[in-house]
Amino acid sequence: MAKSIRPKSHGKGRTLEQLGLYIHYPQCAKRCWYCDFHSGTDRRGDGYWLEFYRKGLEMFPPGRPLSSVYFGGGTPSLMRPETIAEILKPLNLAGNCEITLELNPATASKAKMRGFAAAGVNRVSIGVQSLDNAQLLALGRIHTARQARTALDNAMQLFPRVSADFIYALEGQAIAQWEKQLAHINSLGLSHVSLYQMTPQQHGEDAAAGFFLATQDGISLPRYEVSNHAAPGHESRHNLLYWQGGDFIGIGPSAHGRIGLIATYCDLEGNYTQEEIAPDDRLREKILMGLRTEYGAENCRLINQTRLDDMVSAGLARIRGGRIVLTTHGLLVCDAVAAALIL
Ligand code: SF4
């Protein structure tokens, strides 16, 4: 068991750095074959998880208010709203704290969503994945397209911020079919969507590139991360913390966190370990994350300047406000670009 970690607070009058809290709920009604998150179908009651999270929070005595809380999974919408309220009650939440709950359309009725909103949740991320029943079946999802649309309608009435996840480049899916679905997604009135591509093995590298380019052309919301699109002001503040190298606490089985140069990890039994990260390794992490976003990565001493010039000439990257921002074609080969750029 690691000793406790206190996220630093700042002196009076100084701007507080943002601090996020990720809470992992590792249970699902049914496992989906494509998923590699830590989750299972063995059910433990909400009381077990309340105690698990209470112990986890003891590891991180309050240092500064939380700017975001994210319930991820697994399927955290399986928890009762009262449990969510209990988890949130002792937390030191900033006035405008973003509180997100991942929600499976099959596990959240309108009444339950109302309960989540009353508990303090102000943003939901709905795992829609597809608006086509045959594709949902093939993915092993437990909900229908109609249930997903009902969940979206209900959520948009109850929460100020709603996001939905979709998966594309599914086996047997043609780009034209996905373009049609993108038009449908645009018509839903969402302010945030996450569009994840299946691994290129399904179609091959060239087709994967075609799917990605069609996605960028077809989605009406602006991209702010390689797989995430939002209306201005509706970006996920919690995920931005990760991608911009901010501090976050992670509790729950397999959750990890970053507090300055300390990396934390919670094992499946609730034991926390911590290790110090070398400053250059932390900077590399930030560059890697930043390159995936529209805010870019700092052009710093760990960047190979000759290769950067080559990439700018090749149209894979540009310099904006002193930061390196990948173009759409650069994002297509993001991992290779990052490997070549970072010293
Ligand atoms: S419901 Fe979500 S977390 Fe659970 S197995 Fe399916 S994709 Fe993974």
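Conventions adopted
All residue numbers here refer to positions counted from 1 along the written sequence of the relevant chain. Predicted model: local features are reported for residues with pLDDT of at least 70 only, side-chain atom pairs are reported and counted for 80 or more only, and whole-chain, interface and lining totals are derived from all residues. A helix here means a DSSP run of H or I that spans at least four residues, while a strand means a run of E at least two residues long, and both kinds are numbered starting from the N terminus. Angles shown run from 0 to 180 degrees and are taken between the N-to-C directions of axes, each axis being a line fitted to C-alpha atoms and, for helices, limited to the stretch in contact. Throughout, the term roughly parallel applies to angles under 35 degrees, roughly antiparallel to angles over 145, roughly perpendicular to angles from 65 to 115, and oblique to all others. Take the far helix as your reference; a near helix turned counterclockwise from it by less than a right angle gives a left-handed crossing, and one turned clockwise gives a right-handed crossing. Working definition of a contact: two residues with C-beta atoms, positioned from the backbone, lying within 7 Å. Using a C-beta atom placed from the backbone, a residue is described as near a molecule or strand when that atom lies within 6 Å of it. For this classification, Asp, Glu, Lys and Arg are treated as charged, while Ala, Val, Leu, Ile, Met, Phe, Trp, Tyr, Cys and Pro are nonpolar and the rest, including Gly, are polar. Domain limits in this description derive from either an automatic procedure or a database domain assignment. Every helix has an expected span of 1.5 Å times one less than the residues it contains. Neighbour counting defines burial: a residue surrounded by 20 or more other C-beta atoms within 10 Å of its own C-beta is buried, one with 12 or fewer is exposed, and intermediate counts give partly exposed, using backbone-placed C-beta atoms. Here, any two strands with at least 2 DSSP bridges between them count as paired.

Note on placement: A111 falls in helix α3 (residues 110-119). Remark: the alpha-carbon pair of A111 and N154, spanning 43 residues in sequence, is separated by 9.4 Å.

Moving on, we get to the packing of helix α2 (residues 81-88) against α3. Direction vectors running N to C along α2 and α3 enclose 10°, while the axes themselves pass 8 Å from each other. One element, α2, and the other, α3, form an angle in the roughly parallel class. Where α2 crosses over α3, the two elements pack in a sense that is right-handed. Across from P81, I84, A85 and L88 in α2, the residues of α3 making contact are K112, G115, F116, A118 and A119.

This part covers the site of the ligand. Every residue near the ligand is listed here: C28, R31, C32, C35, F37, S39, G73, G74, T75, N104 and G127. Taken together, the residues of the shell around the ligand break down into four nonpolar, six polar and one charged.

So, about the domain arrangement of the protein. Interface size is commonly expressed as the accessible surface area that is lost when the partners come together. Under the domain assignment used here, the protein contains domain 1 (19-242) and domain 2 (279-343). Using C-alpha coordinates to define each centre, domain 1 is positioned 28 Å away from domain 2. Taken together, the contact pairs nine residues of domain 1 with eight residues of domain 2. Elements with a contribution of two residues or more to the side of domain 1 that touches domain 2: α7 (205-218) and β7 (223-225). Grouping the constituent residues of the side of domain 1 that touches domain 2 by class yields six nonpolar, one polar and two charged.

This part is about helix α5 (residues 145-158). The end-to-end C-alpha distance of α5 is 20 Å, a good match for the 20 Å that 14 residues give at a rise of 1.5 Å each. When we look at burial in α5, the residues that qualify are A148, A151, L152, N154 and A155. In this fold, the buried residues of α5 make contact with β3 (93-103), α3, β4 (123-129) and β5 (161-168).

Right, let's talk about the pairing of strand β10 (residues 256-259) for a bit. Successive side chains on a regular strand alternate, one facing one side of the sheet and the next facing the other. Pairing of β10 with strand β11 (residues 262-266) involves four bridges; the strand directions are antiparallel. Directly across from G257, in β11, lies its bridge partner T264. Taking the residues that link successive antiparallel strands as the turn, the β10-β11 hairpin has two residues, and the phi of G260 there is positive, at about 60°.

This part covers the packing of helix α6 (residues 175-186) against α7. Running from amino to carboxyl end, α6 crosses α7 at an angle of 25°, the nearest separation of the two axes being 10 Å. Comparing their axes, α7 and α6 come out roughly parallel. With respect to the hand of their crossing, α6 and α7 are arranged in right-handed fashion. Judged by residue contacts, I175, W178, E179, L182 and A183 of α6 engage G210, F211, A214, T215 and G218 from α7. For the contact of α6 with α7, a count of residues per class yields six nonpolar, three polar and one charged.

In this model, G73 is joined to G74 through a cis peptide bond whose omega is 10°. Here G74 lies in the loop between β2 (66-73) and α2. Positive phi values are uncommon outside glycine, yet Q129 reaches one of about 70°. Relative to the helices and strands, Q129 is located in strand β4. In this structure, A169 takes a positive phi of about 65° despite not being glycine.

A few words now on the sheet that holds strand β15 (residues 323-326). Hydrogen bonding along the main chain pairs the strands of a sheet, whether they run parallel or antiparallel. The sheet built from three strands is open, its strands ordered β13-β15-β14 with antiparallel pairing. Edge positions in the sheet fall to β13 (297-298) and β14 (317-320), since each of these pairs with one other strand and no more. In the packing of helix α10 (residues 305-313) onto the sheet, the strands contacted are β14 and β15, and the crossing angle to β14 comes to about 105°.

Further remarks concern the environment of A263. By the secondary structure assignment, A263 is in strand β11. Take A263: there are 18 C-beta atoms within 10 Å of it, and that puts it in the partly exposed class. Measuring from C-alpha to C-alpha, the distance between A263 and T41 comes to 29 Å, with 222 residues separating the pair along the chain. Not counting residues within four places of it along the chain, the set of residues in contact with A263 comprises H256, R258, Q274, E275 and I277.

Judged from the five bridges that link them, β11 and strand β12 (residues 272-276) form a sheet pairing that is antiparallel. Residue pairing in the sheet places A263 in a bridge with E275 of β12. Where β11 hands over to β12, the hairpin turn is made up of five residues, of which G270 adopts a positive phi near 95°.

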